[in-house]
Amino acid sequence: MFKPLNILDEKNKTLRKKSKDVEFPLSKKDKDTIDQIIKHLTYSQIEKYAEKYNLRPGMGLAFPQLGMLKRIIVIVYEYEDGKFKNYVIVNPKIISHSEEKVALETGEGCLSVNREVEGHVPRYARVTITGYDPDGEKITIRAREDLSVAFQHEVDHLDGILFFDRIDKKKPFYNENEIRLI
Ligand code: NI
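This write-up is about the structure you can find in this document.

### Points about the overall build of the protein
Here comes step 1: Within the protein, the regular secondary structure consists of three helices and eight strands.
Here comes step 2: The secondary structure elements of the protein, listed N-terminal to C-terminal, are α-α-β-β-β-β-β-β-β-α-β.
Here comes step 3: Relative to the globule expectation of 16 Å for 182 residues, the C-alpha radius of gyration of the protein, 16 Å, shows essentially globular dimensions.
Here comes step 4: Its C-alpha atoms put the protein at 50 × 40 × 35 Å along the principal axes.
Here comes step 5: Restricting to contacts in the protein with at least 6 residues of sequence separation, those with at least 24 account for 70%.

Right, dumping it as structure tokens:
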């Protein structure tokens, strides 16, 4: 039986705390939580299930959004219609990034932010992330464009940062000459 996750809302102060590195081996609870997140995010992106379970579509989630201050992020990326790739990174670190920045043209969303927030969030166009898979194997991932944005968004959660913190309050929108909109 599928049960939607209880995701903390932005008003919850836990979301503003810094998460701690996780030690291996992962606990059974952590592994189960990872599986639940993958299922939730996958279902949320499939219309039939999103409707059935009343899920807001989302491609990423970080452990602190469930009230657990652990450095684990999960991304379920639809790389082709109906085809998903899962990324689970424990103790992720962005070790390098492009000079170039991009922003999602329609702005970012977050499963912890239940309102529309207008504005462009500047992000690196490409990032390289290292970390560990759930079995403790070292991994390196290179991401670009929207996937790069997603990784930066999720890593921010581990440091208590929400996407709208990065929107310039005085000038929330960029034009194409200032930043590449994707
Ligand atoms: Ni988020």
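### What to know about the sheet that holds strand E7 (residues 138-144)
Each strand in a sheet pairs with another by means of backbone hydrogen bonds, the pair being arranged parallel or else antiparallel.
Here comes step 1: What the five strands build is an open sheet, ordered E1-E2-E3-E6-E7; its pairing is antiparallel. The open sheet terminates on both sides in strands that have one partner only, identified here as strand E1 (60-62) and E7. Going across the sheet, the axis of each strand differs from the next one's by a mean of 40°, ignoring polarity.
Here comes step 2: One ladder, built from eight bridges, connects strand E2 (residues 72-80) with strand E3 (residues 83-97); its direction is antiparallel. The partner of Ile72 across the bridge, within E3, is Val90.
Here comes step 3: Its contacts with the sheet put helix H1 (residues 28-44) on E1, E2 and E3, and the angle it makes with E2 is roughly 35°.

### Examining the pattern of salt bridges
Here comes step 1: Applying the stated criterion to the full structure yields 15 salt bridges.
Here comes step 2: When the shortest N-O distance is used, the salt bridge between Asp9 and Lys11 registers 3.2 Å.
Here comes step 3: Under the relative-accessibility criterion, Asp9 is labelled partly exposed at 22%.
Here comes step 4: Between Asp156 and Arg123 there is a salt bridge, with its nearest N and O atoms 2.9 Å apart. A residue pair is termed long-range when its members are at least 10 positions apart, and Asp156 in helix H3 (residues 145-158) and Arg123 in strand E5 (residues 123-124) qualify at 33 residues. Across the pair, exposure class does not vary: Asp156 and Arg123 are buried alike.
Here comes step 5: Among the charged side chains, a network of salt bridges with common partners joins Glu100, Arg126, Glu145 and Arg180.

### What about the coordination of the nickel ion?
Metal coordination angles have textbook ideals: 109.5 degrees for a tetrahedral set of four donors and 90 or 180 degrees for an octahedral set of six.
Here comes step 1: Those protein atoms acting as donors to the nickel ion are Cys110 (SG), His153 (NE2) and His157 (NE2), and they sit at 2.1 to 2.3 Å.
Here comes step 2: Sequence spacing of the donor residues for the nickel ion, all on one chain, is C-x42-H-x3-H. Taken together, the residues span about one helical turn, with His153 and His157 both in helix H3 at a distance of four residues. With respect to class, His153 is no different from His157; both count as buried.

Definitions and limits used
- Residues numbered from 1 in each chain as written.
- Predicted model: local features only at pLDDT ≥ 70, side-chain atom pairs only at ≥ 80, totals over all residues.
- Heavy atoms only, no water.
- Helix = DSSP H or I, 4+ residues; strand = E, 2+ residues; numbered from the N terminus.
- Rg over C-alpha atoms; globule rule 2.2 N^0.38 Å.
- Contact = heavy atoms within 4.5 Å.
- Pairing = 2+ DSSP bridges.
- Axes fitted to C-alpha atoms, helices over the stretch in contact; angles between N-to-C directions.
- Salt bridge = Lys/Arg side-chain N within 4 Å of Asp/Glu carboxyl O.
- Buried < 20%, exposed > 50% of the residue type's maximum accessible area, 1.4 Å probe, protein only.
- Donors = N, O, S within 2.8 Å, 3.2 Å for Na, K, Ca; no water.

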